[in-house]
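# Architecture at a glance
The lines below spell out each chain.
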Amino acid sequence: MDICKTYENASKCSANSKLMECFMVLSTQAQKISIATLCGLFGMLCIFENSVVLYLIFSSPGTRRKPSYIFISSLALADLLASIIFVGSFVNFHVLNETDSSKELFLLKLGGVNTSFTASLSSLLLTAVDRYVSISRPSEYKLLVTRKRAWAALGVLWAMCVTTASLPILGWNCCTLNSTCSELFPFVDDNYLSSWVCLVMVLLGCIVYAYTHVLWRAHQHVAYMGKHQAQVGKQNTRMRMDVMLAKTLVMVLTVLVLCWSPVLILMIYSIFAKLTNHLRKVFAFCSVLCLLNSMVNPIIYALRSKELFSSLRAVFFRVKRRLRGTDDSPEADSAHKSSVVETVCEDEVRGADHEAS
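The name given to the protein in an unreviewed UniProt entry is Alpha-L-fucosidase 1, with the source organism recorded as Anser brachyrhynchus. Quoted verbatim from the Sequence similarities (unreviewed entry) field of the UniProt record, the comment on the protein reads "Belongs to the G-protein coupled receptor 1 family."

Right under this line is the structure:
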């Protein structure tokens, strides 16, 4: 294991297979089985959920034209890619202990994981900005957030993520630069890891700020409508939606912080101090929390949407009808009508936001 002790000296980078063995920190069969089980379970659920979300969004003309669902589809795509690439590379490395990859192939896999998780967080930021604009400037929402601008924002987002993730394989790695290497990832330069952590923290900070503002505005709506009980109908409906929104946002922020904080804290710690093997094992298990976040995202952002849930019900009843071999399904028709009503009502709710403010 001498090569592990001298890994910070980039001259040892030529011994790829022995070097990579230093990062295979799962020493017992129980640890490997635990990681494989968690990755397999979270990965399959993540793939299934995000595939369903993408199908529901793009199979309905009413949802695929809306900027908010365009952002959610980007989130679902990023989480889908994250689950496939992360589970494949993570299990292959830590559980199967495959070391036959070259430095370039390893950095390419790491770049794929980097791209998908960064794109997931960036899509969360666009979703947060979308909701920030919808509640802070509801009367101008349709003018400010258009389909063209939504697709342009996604183009910039994915280009930025791919470019950032490609930097190590393009030359920003400790072997090429003969610089200090990370203790968490083979061949990764410490300065690159610091820059990526800063980028992620900026994204998380912006998400927290946007949702905190939305939460504050929702609280204002609840307080306002509590004082004006004379107009019962529309205001009570709006107040219930604001309470639901507040609960959703608390859930969003809680899951986001719980899933990403352990990994980021250990990354920051590794930049300034030496890591023990125990902390490396902790980091390996904490990395699975990022996959858990990708699994939970569809439930929080998509399937809690009444419109998408109505579409899901319609799909379920269509499948049920085909299995039974019947032609008529009142439940499916009802679910379809409910989805159409939700599409119309969403525009009316944004108008109600403007009136209440």
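### Thoughts on a nonpolar patch on the surface
Together, Leu105, Leu108, Ile169 and Leu170 give the surface a local cluster of nonpolar side chains, amounting to about 390 Å² of exposed area. Every element with two or more residues in the nonpolar patch is listed here: α6 (103-136) and α8 (147-170). What makes leucine 105 partly exposed here is its relative accessible area of 37%.

### Overview of the UniProt feature "transmembrane region" (unreviewed entry) in the protein
Sequence positions flagged by UniProt for "transmembrane region" (unreviewed entry) are, in local numbering, residues 33-57, 69-93, 105-129, 150-172, 192-211, 248-270 and 282-303. As annotated, residues 69-93 comprises 100% helix and 0% strand, and the C-alpha atoms at either end are separated by 35 Å. The span residues 150-172 carries 91% helix and 0% strand; its end-to-end C-alpha distance comes to 31 Å.

### Some thoughts on the nonpolar core
Side chains of a nonpolar character, in soluble globular proteins, are inclined to be buried together. In terms of nonpolar packing, the biggest core is built from 65 residues, with Cys39, Phe86, Leu121, Trp260 and Met267 touching the most fellow members. At the level of secondary structure, the elements contributing two or more residues to this core comprise α2 (16-21), α3 (29-58), α5 (67-94), α6, α9 (174-177), α10 (190-227), α11 (232-272) and α12 (277-302). Phenylalanine 86 has contacts with Cys39, Leu81, Val91, Val113, Phe117, Ser287, Val288 and Leu291, leaving out every residue within four places of it along the chain. Formed by 13 residues, the second largest nonpolar core is a distinct cluster that contains Phe71, Val133, Val145 and Leu157.

### Quick look at the pattern of salt bridges
Enumeration over the complete set of coordinates arrives at four salt bridges. Residue lysine 103 is joined to glutamate 104 by a salt bridge in which the shortest nitrogen-to-oxygen separation is 4.0 Å. Looking at lysine 103, the relative accessible area reads 16%, which means it is buried. The partly exposed category is assigned to glutamate 104, whose relative accessible area is 44%. Two residues, glutamate 183 and lysine 274, come together in a salt bridge whose shortest N-O distance is 3.6 Å. Linking glutamate 183 in the loop between α9 and α10 with lysine 274 in the loop between α11 and α12, this pair joins segments that are 91 residues apart in sequence. For glutamate 183, a relative accessible area of 13% translates into the label buried.

Rules of the game
Residues numbered from 1 in each chain as written. Predicted model: local features only at pLDDT ≥ 70, side-chain atom pairs only at ≥ 80, totals over all residues. Heavy atoms only, no water. UniProt positions renumbered as here; feature names shortened; annotations may be inferred. Patch = residues over 30% accessible without salt bridge, like charges linked within 9 Å, V, L, I, M, F, W, Y side chains within 5 Å. Areas by Shrake-Rupley, 256 points an atom, 1.4 Å probe, with all protein chains shown as cover. Salt bridge = Lys/Arg side-chain N within 4 Å of Asp/Glu carboxyl O. Helix = DSSP H or I, 4+ residues; strand = E, 2+ residues; numbered from the N terminus. Buried < 20%, exposed > 50% of the residue type's maximum accessible area, 1.4 Å probe, protein only. Core = buried A, V, L, I, M, F, W, Y, C linked by side-chain atoms within 4.5 Å. Contact = heavy atoms within 4.5 Å.

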